[in-house]
Amino acid sequence: MSATWYECKIKYRKLDEASGMLKVKTEPFLVDAISYTEAESRITEEMSAYLSDTEEIKITNIKVANFAEIHPFENSDRWFKSKVSLIAFDEESGKERKTNMYLLIQANDVKEAYDNTISVMKDTMGEYSVPSIAESPIMDVFPYFSGEEDDMERVEKFNIIKDSVPVDNSMDEELELSDVMSSEE
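Being a predicted model, the structure only gives us computed values, none of them experimental.

Trainee: Tell me what's going on with the pattern of salt bridges, and back it up with residues and numbers.
Mentor: Tallying each qualifying case throughout the model produces five salt bridges. For the salt bridge of Glu27 with Lys14, the shortest nitrogen-to-oxygen distance reads 3.2 Å. You can see Glu27 sitting in strand β2 (residues 22-32) and its partner Lys14 sitting in strand β1 (residues 5-15), a full 13 residues away along the chain. Given a relative accessible area of 9%, Glu27 falls into the buried group. Residue Lys23 pairs with Asp16 through a salt bridge whose shortest N-O separation is 3.8 Å. Its relative accessible area of 17% is what places Asp16 among the buried residues.

Given below as structure tokens:
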């Protein structure tokens, strides 16, 4: 199952390191969620760990992020958006076709982000190129499952939410009906 990442812009009071004063900042964060509602709930929960009880956050925007994959790397503190062009040869037209995808790569600088992108793509069977890498404004990424012990509680919450989403069985019913009709003939 692939993750759906939501970019949440948060307005909150943050300590400015240069002046030592609290300043109001608006910064984007990524959260893995099933819906906009869950993304709102998860970002509120995740950010509460960084704020005192009296401070509040304001969610100014939530949108689905266009990242195909997220790749954190140890000892890195910034996020970079890597554009990767997958190259395929179209036999009918005889032309080369490029499909772009975006990766969010953690690194300390652009060179390291490029090296990390190449590292992530090393097992790719087809040809690809990396036309651009730019520093992302994303401050932090909150995956649904991090591999830590408290994930079992999250797995249970995830399954409850997943099970509460109604399943569209109309196609299954149509297929079963067509099977019955064809077996009667």
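Trainee: Could you give me a rundown of the nonpolar core, with the residues and numbers involved?
Mentor: What tends to happen in soluble globular proteins is that the nonpolar side chains get buried as a cluster. Among the nonpolar cores identified, the biggest contains 13 residues, and Tyr6, Cys8, Phe29, Ala39 and Ile43 are the most heavily contacted of them. Elements with a minimum of two residues in this core: β1, β2 and α1 (36-48). For this core, the element with the most residues is β1, which contributes four residues. Residues within four places of Tyr6 in sequence aside, it is in contact with Phe29, Leu30, Val31, Ala33, Ile34, Ser35, Tyr36, Ala39, Ile62, Lys63, Val64 and Ala65.

Rules of the game
Residues numbered from 1 in each chain as written. Predicted model: local features only at pLDDT ≥ 70, side-chain atom pairs only at ≥ 80, totals over all residues. Heavy atoms only, no water. Salt bridge = Lys/Arg side-chain N within 4 Å of Asp/Glu carboxyl O. Helix = DSSP H or I, 4+ residues; strand = E, 2+ residues; numbered from the N terminus. Buried < 20%, exposed > 50% of the residue type's maximum accessible area, 1.4 Å probe, protein only. Core = buried A, V, L, I, M, F, W, Y, C linked by side-chain atoms within 4.5 Å. Contact = heavy atoms within 4.5 Å.

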